[in-house]
Structures are given as C-alpha cells and as structure tokens.
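Examining the three-dimensional arrangement
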Amino acid sequence: MDCIEVFRQAEKEIAESGKLSLTARRKIWQTMGEIEPRDRDSLKPRSLTEPLKKRAYLALACAKKVMPMWCSVDPDDKSPQNLIKKSLAYLDGKIKVKELRAERKQSTIDAFMNAVDSRGSVGSAAVAAWEAMVVALEDESYLEPWDSDLTDDDIDAYERDAAKEACVAYTYTDGDNGKYVVREMRFWAWYLEEAAKIAGLENYRFPPRYIKAFKEKQNPPKPVPEEVTLESFCEFLGVGEYVYNIKGESEISYYNKKTDKYDKTEYFDIYQITARLPQEYGICPVCKKPVYNIECFFADRGLDWDEFAVPKKYPQIDITRLCLQFRCPDHPKEWIYNIPNGYRNYKDGVKRYIKGEGRLEKLLEELERRTVTKYCKVWADEIIINGKNCSTVEEIENKKEELGLVDTGWIDKANGIYRLDLRQFLSNFFVFRFPFSKFVQYTKNMNDDTGYRAVLKEDEGIVEFEVRDFRFKCFMENGQPIYMQIEQRKKL
C-alpha cells in the first residue's frame, strides 16, 4: 500500500469514527521506513536511522502539543519538558545516547503514572513525554514483529504509545462526552497532518468539513420552538424547567492602561432566571441502577449575563439551573448527578432562539411580565425580601414598611424570635434558590451533616429547618407555608 493510500484510509477512519486506531497508526509509521531488526530481549538502543528519527519527531510533537495541559495542573514540575528537550537534542546529535538513557529512570515513570492517578487524564501528558523518549531510543514498539498484529483491544492503559497518551490528555473535558469526542477527532486530524508533513506529504490538510459534520452528528441542532415562552426558552437551552426570574442590575468597569485606572463603567439591567433539572434521580455508573438517595443539592451556572448573549443595548440574561447529587448505597464513592451529558453552548442557543423578527422583543416582554417582585429567599447568612438583603431580623423589622410587609413583627424580641407572614409572597418563597416545597422534599432525607436538614412535624403542621445564621419554623396549611418564625442564631 503506498503512502497516499495509507493517509487516505486514515482520513476516512477519522472522518467516520473520530478515532485513529493503533492499526492505522502503525501503517502511518511504516510509511516512514522500516524498523531496524534486533533480538527480542535486547536492551541496546537502536541506531539513529532516518525512519526512527521521523517516528520519534512525530511522537515528540504529540508530547509537546499537550504540555500546556500538564503545565496547567503542575507548572513547577518540568520533568516532562526536560525529557522532550533531551530527546530532541539526542535526535539532532547534540547529546550522546548515554545522556538520554540516564533520564530513563523507573522513579520518573512511576511519578508520571501517579500523576495520572491523582490528576486524571491530564497526567497522560507527562506519560506521553516518557513514551516519546522511548521512541527516540528504541523506535515504536508496536512495529516489532512480535507486536505487529496487536490492536487497541489488546493493550491496556499502561501500554499506550505516545500518540494515544497525548490524545487522552488532549481530550480531557470534565466528563462532557459530546465535547470529548470532538476534541478526540481534532487531535487525530492534527496528528494526521503532522505525520503527513514528516512523511513528505507537505501539502496535506485534513478536510475541516469532516470535523463540522462529525460535531453536528454529536450535537445535532435542536428545532427552535415557534412560540416564545420562558418554558420553551429554558427547555430549548437544556437548562431544565423554568421556575422563576427576578430582575437585578450589575456593572462592568473597564481598565485604562494609559491612566492606570478603571475610568469607564457600564451599567446593565439583568433578568436572573432560575431553572430546575426535572430528573430526580441519577444513574450509578457502576451498577447502572437508578439512584434516588439525594446527597446534596446545588446551583450550577448556565449562562452568565456578562457573556452578552443578547445585544448590549438590551437587558442581559443570566441563567442558573438547580441540580441534585446522589449517593448509591452500593457504590458510595461514585459521584452521581442528574446533569445531562453533552456539551451545550448556551450563548449560541440564546442567539438561535431569538433569531427572527420580533423574537427578542417578545422574550424580553415575557421576562418583564413574569418577573417576580414580591418574594422571600433564604440564604445561609441573609434573607432577601423583595430584592432587599437583610442579614439580621432587626433589619427586616427596620425595613418592613419600605418592603410593604404585613402581619410581620416581633414575637419575642428578648429572645430574638420574629414572625413573617408568607402569604404575601404567594408561592414565591425560596430556600437556596429552590422553591420551598422542593427544598423540603430534597432535604428531609438528606444526610444530617449537610446542616440544612428539614424536619417535618406533620401532626403539628410544622416544618423546621436551620441554616448558618438562622433557625426557621414554618407553619403549614393545606401543604403551603402561611407564616414562619425566624430566630437569629448566635455567632460563635
């Protein structure tokens, strides 16, 4: 098979699967020349033949490509860069083989493998540097006659070549599978171009249309809903079910290098949307069973307002989604979430949703119409009422006329117990962004060490819970909180 046909088949494999198999990589290495024969048990470095040097340069290029990933997790450890530097110096005849062999220490590769265990796949960048050095000394091991028929299925994580190790490091994406496979394809497309250049095919370029088509296949465009509603907006973006939105404001100050001052400030109105992922269970990655035991709840950023998903002259949009974490009783060390896999570009999603005559204006009208203005939101160290932050019950008392609060006041001032009528907020009573009913549902069976556990006294119609600075006792009627007692906790 000639060189051009090898690269044509490799290109097809990448275009279809996003991967480049060991079999295909081996054929690419073979286009660079034959491997020097030697005995299977030989420990002697191979001669610096032109074929070996080409394959070594390719392996070192892979290691160099992922060094930024390594530097991001351990900028002080320069040992992988040192291996690359020494290997290149050896290939260029600047140092002797003895000096490079001195770098081949068991302690070094042990440290790199420990980095994989402690830092995850980013640690494979260091291992790639090690494997590239080995190629400079011994050539690609999977060209050896006794390993020439091995495939990817035959090797484990401790036997990968430099290119594969580099690919593992390059594709690290925090578990985002849709993004992972696209980055993997991009790496192999780059690899094919680099290999072609070394093999003498200077003008070869991997067709970008294949990457675009592959990316769209992983995350096909979602049809934009015809009707503009906040429910369809959140569902289209993939942030879950619309819960509520409040209106706030923020600013950005710009630094002027000439004056060494922040001398320009822009102010923005912001619609702050809260959405909730509806799936109230997770799937254990080990036993594949649904898990309903809630470990904790949290808010995850969807869209930050300063990404400016809509033109600056309009109010900006900020989105937070409410998520759950679960604990499998049979596999308690596994981290399980109800967050869907797949990369999502929320800014791009907003732009697609508002594209079309009048759609942005309609969305902003809906946001304004459904903005919650009367609400009570409990945090660990403050209570926000109608947009005003109160860090003590005394502040609530002092601001109650300004806030328009009714049936609100001291029950026992000496002991710091305060009454707040919740009926004036209708259903807009939130704890850590969550609607009160969901907060109770999620916390009543949570581990006690969270500190946020809600205790239900159904026979008395009371729900009690506490946060860092407050204790609360909510009195219920027909399943809804009608008023609550607030007690300021004494700070240590």
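Note that this is a predicted model, so its numbers are computed, not measured.

Tallying secondary structure elements over the chain gives 16 helices and 18 strands in all. Relative to the 2.2 N^0.38 estimate, which gives 23 Å for 492 residues, the radius of gyration of the chain is 30 Å and therefore markedly larger than a compact globule would have. On the principal axes, the C-alpha backbone points of the chain span a range of 90 × 55 × 55 Å. Expressed as a percentage of the 492 residues in the chain, the buried residues total 46%. Charge-centre separation for the chain: the mean point of 79 positive side chains lies 3 Å from the mean point of 85 negative side chains.

This brings us to helix 16 (residues 436-443). Of all eight residues in helix 16, six are buried; the element is thus mostly enclosed. Every buried residue belonging to helix 16 is among F436, K438, F439, V440, Y442 and T443, and all of these are buried.

A word on the sheet that holds strand 13 (residues 429-431). Ordered by their spatial adjacency, five strands build an open sheet running 10-9-8-13-14, and the pairing between neighbours is mixed. Of all the strands in the sheet, the pair left with one neighbour each is strand 10 (388-390) and strand 14 (434-435). For strand 8 (residues 376-378) and strand 9 (residues 383-385), the ladder comprises three bridges, and the chain directions are antiparallel. Along strand 9, the bridge assignment pairs C376 with I385. Here helix 15 (residues 393-403) sits on the sheet in contact with strand 9 and strand 10, set at roughly 160 degrees to strand 10.

Right, let's get into the packing of aromatic side chains. Applying the stated criterion to the full structure yields 28 aromatic pairs. An angle of 45 degrees between the planes, with centres 5.5 Å apart, marks the rings of F187 and W190 as tilted. Here W190 and F187 lie together in helix 10 (residues 177-199), a separation of three residues that amounts to about one turn. On the accessibility criterion, F187 (0% relative accessible area) is buried.

A few words now on the nonpolar core. One finds L20, I28, F187, W188, Y191, L192 and F206 to be the most contacted residues of the largest nonpolar core, which totals 73 residues. Here the element with the most residues in this core is helix 10; it accounts for 13 residues. In this structure I28 touches V6, F7, A10, L20, Y191, L192 and A195, once residues within four positions along its chain are discounted. Listed in part, the 39 residues of the second largest apolar core include C284, V291, I294 and I486.

This paragraph deals with the pattern of salt bridges. What the rule picks out here adds up to 38 salt bridges. When the shortest N-O distance is used, the salt bridge between E5 and R8 registers 2.7 Å. One end of the pair, E5, and the other, R8, are both in helix 1 (residues 3-17), three residues apart, so they sit about a helical turn from each other. Given a relative accessible area of 24%, E5 falls into the partly exposed group. Residue E464 pairs with K473 through a salt bridge whose shortest N-O separation is 3.7 Å.

With that settled, consider the packing of helix 12 (residues 230-237) against helix 13 (residues 346-354). Interhelical geometry of helix 12 versus helix 13 gives an angle of 135 degrees and a closest axis separation of 9 Å. Between helix 12 and helix 13, the crossing angle belongs to the class labelled oblique. As helix 12 packs across helix 13, the resulting crossing turns out to be right-handed. Residue-level inspection shows S232, F233, F236 and L237 of helix 12 in contact with helix 13, the latter providing Y346, G349, V350, R352 and Y353.

Moving on, we get to the environment of P278. Here P278 shows up in the loop between strand 2 (261-276) and strand 3 (282-283). Looking at P278, the relative accessible area reads 41%, which means it is partly exposed. For the pair P278 and C323, spaced 45 residues apart in sequence, the C-alpha separation works out to 8.7 Å. Ignoring sequence-local partners within four residues, the contact set of P278 consists of G240 and E241.

Moving on: the environment of A195. With respect to the secondary-structure elements, A195 resides in helix 10. Not counting residues within four places of it along the chain, the set of residues in contact with A195 comprises F7, I28, M32 and L58.

This part takes up the pairing of strand 1 (residues 241-256). For strand 1 and strand 2, the ladder comprises 15 bridges, and the chain directions are antiparallel. Directly across from K247, in strand 2, lies its bridge partner Y271. Where strand 1 hands over to strand 2, the hairpin turn is made up of four residues, of which D260 adopts a positive phi near 60 degrees.

Below, the discussion takes up the confidence of the model for the chain. Per-residue confidence for the chain averages 89 on the pLDDT scale, and 94% of its residues sit at or above 70. The least confident element of the chain, judged by mean pLDDT, is strand 15 (residues 455-457) at 68; the most confident is helix 14 (residues 359-369) at 97.

This part takes up unusual backbone geometry. Even without being a glycine, K288 presents a positive backbone phi close to 65 degrees. Locating K288 in the fold gives a position in the loop between strand 3 and strand 4 (290-291). Note on K288: relative accessible area 58%, which makes it exposed. Here N386, not a glycine, exhibits a phi torsion of approximately 50 degrees, which is positive. One can find N386 in the loop between strand 9 and strand 10. In this structure N386 comes out as buried when scored by relative accessible area, which is 17%.

It is at 10 Å that the axes of helix 1 and helix 2 (residues 22-30) come closest, and there the two elements cross at 155 degrees. Between helix 1 and helix 2, the interaxial angle falls into the category roughly antiparallel. When you trace helix 1 past helix 2, the crossing you get is left-handed. From helix 1, V6, F7, Q9, A10 and E13 reach across to helix 2, where they touch A24, K27 and I28. For the contact of helix 1 with helix 2, the class distribution of residues is five nonpolar, one polar and two charged.

Reading the values: the criteria
Residues numbered from 1 in each chain as written. Predicted model: local features only at pLDDT ≥ 70, side-chain atom pairs only at ≥ 80, totals over all residues. Heavy atoms only, no water. Helix = DSSP H or I, 4+ residues; strand = E, 2+ residues; numbered from the N terminus. Rg over C-alpha atoms; globule rule 2.2 N^0.38 Å. Buried < 20%, exposed > 50% of the residue type's maximum accessible area, 1.4 Å probe, protein only. Lys, Arg positive; Asp, Glu negative; His and termini not counted. Charge placed at Lys NZ, Arg CZ, Asp CG, Glu CD. Pairing = 2+ DSSP bridges. Contact = heavy atoms within 4.5 Å. Axes fitted to C-alpha atoms, helices over the stretch in contact; angles between N-to-C directions. Phe/Tyr/Trp six-rings, centres within 6.5 Å; stacked < 30°, edge-to-face > 60°. Core = buried A, V, L, I, M, F, W, Y, C linked by side-chain atoms within 4.5 Å. Salt bridge = Lys/Arg side-chain N within 4 Å of Asp/Glu carboxyl O. Parallel < 35°, antiparallel > 145°, perpendicular 65-115°, else oblique. Left-handed = near helix turned anticlockwise from the far one by under 90°. pLDDT = per-residue confidence, 0-100. Nonpolar A, V, L, I, M, F, W, Y, C, P; charged D, E, K, R; others polar.

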